[in-house]
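Results of the structural survey
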Amino acid sequence: LDISANNGYMNPTTFGLTVGIIFEDFETGDYSKYPWTFEGDANWIIDGETAYEGSFSGRSGSISDEQESMLLLELDVLSEGEISFYKKVSCEDDPGGTGYDYLAFYIDDDEKGRWDSEIDWSQETYTVGAGTHTFKWLYYKDYSVSSGEDCAWVDYIVLPPVDNGLPQMYMSQYAFEHTM
């Protein structure tokens with residue numbers, strides 16, 4: 001947007017305008033809606049039995065002791081906003097917080113939260129600045145003890161304004177006048 005007025009006033013600015021909610025709820029039944037990638041010892045899978053919303057969720061891969069399963073999404077965030085998601089965890093309880101089995105969430109390489117034990121669906125929300133960011137959900141299993149279902153789920157991820165390649169609206173107006 002380029003704003004100009006009398007006496008040489010000019011103020012160019014760029015902004016992203018989000019119309020509706022940009023989200024991932026895995027209802028495609030696969031990871032095709034966004035450029036998801038996987039790292040670690042087992043890929044995340046689509047779970048059709050456990051979901052916060054709809055029929056599907058993302059679930060950490062089946063791993064053994066001292067292994068991890070990571071779900072990653074790199075996106076260009078157009079303007080500051082929030083990412084939120086629902087998570088469910090079923091694993092070994094870690095009362096001392098020393099790093100037994102857990103689900104962790106990262107923005108870039110910054111750990112934002114870590115959860116273990118039996119946690120039913122609950123929402124997490126984090127602020128995200130403009131720029132390219134990698135969102136990562138990591139399920140880690142320590143050297144011993146299996147408890148619960150030994151996995152974690154994520155569902156209904158609401159994204160900040162991102163350049164996701166969907167159709168965009170452009171408007172061009174050469175000049176307009178507003179008088180009072």
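Everything below is about the structure shown above.
Residues numbered from 1 in each chain as written. Predicted model: local features only at pLDDT ≥ 70, side-chain atom pairs only at ≥ 80, totals over all residues. Heavy atoms only, no water.

Time to look at the packing of aromatic side chains. Under the defined criterion, the tally for this structure stands at 15 aromatic pairs. With 5.6 Å between their ring centres and 70° between their planes, Phe-26 and Tyr-31 make a pair best called edge-to-face. Owing to a relative accessible area of 0%, Phe-26 belongs among the buried residues under this scheme. Residues Phe-85 and Phe-105 carry aromatic rings whose centres are separated by 4.8 Å and whose planes lie at 55° to one another, so their mutual orientation is tilted. Here the residue Phe-85 occupies a position in strand S8 (residues 81-90), and Phe-105 occupies one in strand S9 (residues 102-107), the gap between them amounting to 20 residues. For the pair formed by Phe-85 and Phe-105, the shared burial category is buried. When the ring centre of Trp-153 is taken as origin, the NZ or CZ atom of Lys-88, which lies over that ring, is 5.7 Å away. Stacked on the ring of Tyr-102, the Lys or Arg Arg-114 has its end atom at 3.8 Å from the ring centre. (Phe/Tyr/Trp six-rings, centres within 6.5 Å; stacked < 30°, edge-to-face > 60°. Buried < 20%, exposed > 50% of the residue type's maximum accessible area, 1.4 Å probe, protein only. Helix = DSSP H or I, 4+ residues; strand = E, 2+ residues; numbered from the N terminus. Lys NZ or Arg CZ within 6 Å of the ring centre and 35° of its normal.)

Our next topic: the nonpolar core. Core analysis: the largest hydrophobic core is formed by 30 residues, its most contacted members being Trp-36, Ile-83, Phe-105, Phe-135, Trp-137 and Ile-157. Counting residues per element, the ones that place at least two in this core are strand S7 (67-77), S8, S9, strand S11 (118-128), strand S12 (131-141) and strand S13 (151-159). Discounting residues that sit within four places of it in the chain, Ile-157 has contacts with Ile-22, Phe-23, Glu-24, Phe-26, Trp-36, Ile-83, Ser-84, Phe-85 and Trp-137. In terms of nonpolar packing, the next biggest core, distinct from the first, is built from 6 residues, Leu-72, Ala-104, Tyr-106 and Leu-138 among them. (Core = buried A, V, L, I, M, F, W, Y, C linked by side-chain atoms within 4.5 Å. Contact = heavy atoms within 4.5 Å.)

Moving on, we come to the pairing of S8. The buried fraction of S8 is high, at 8 of 10 residues. Direction of pairing for S8 relative to S11: antiparallel, over a ladder of 9 bridges. Counted as the bridge partner of Tyr-86 is Gln-123 from S11. (Pairing = 2+ DSSP bridges.)

Taken in spatial order, the 5 strands make up an open sheet running S4-S7-S12-S9-S10, and their pairing is antiparallel. Across the chains shown, the open sheet's two edge strands, defined by having one partner strand only, are strand S4 (36-40) and strand S10 (110-115). With direction set aside, neighbouring strand axes in the sheet form an average angle of 20°. Bridge count between S9 and S12: 6 bridges; the pairing is antiparallel. (Axes fitted to C-alpha atoms, helices over the stretch in contact; angles between N-to-C directions.)

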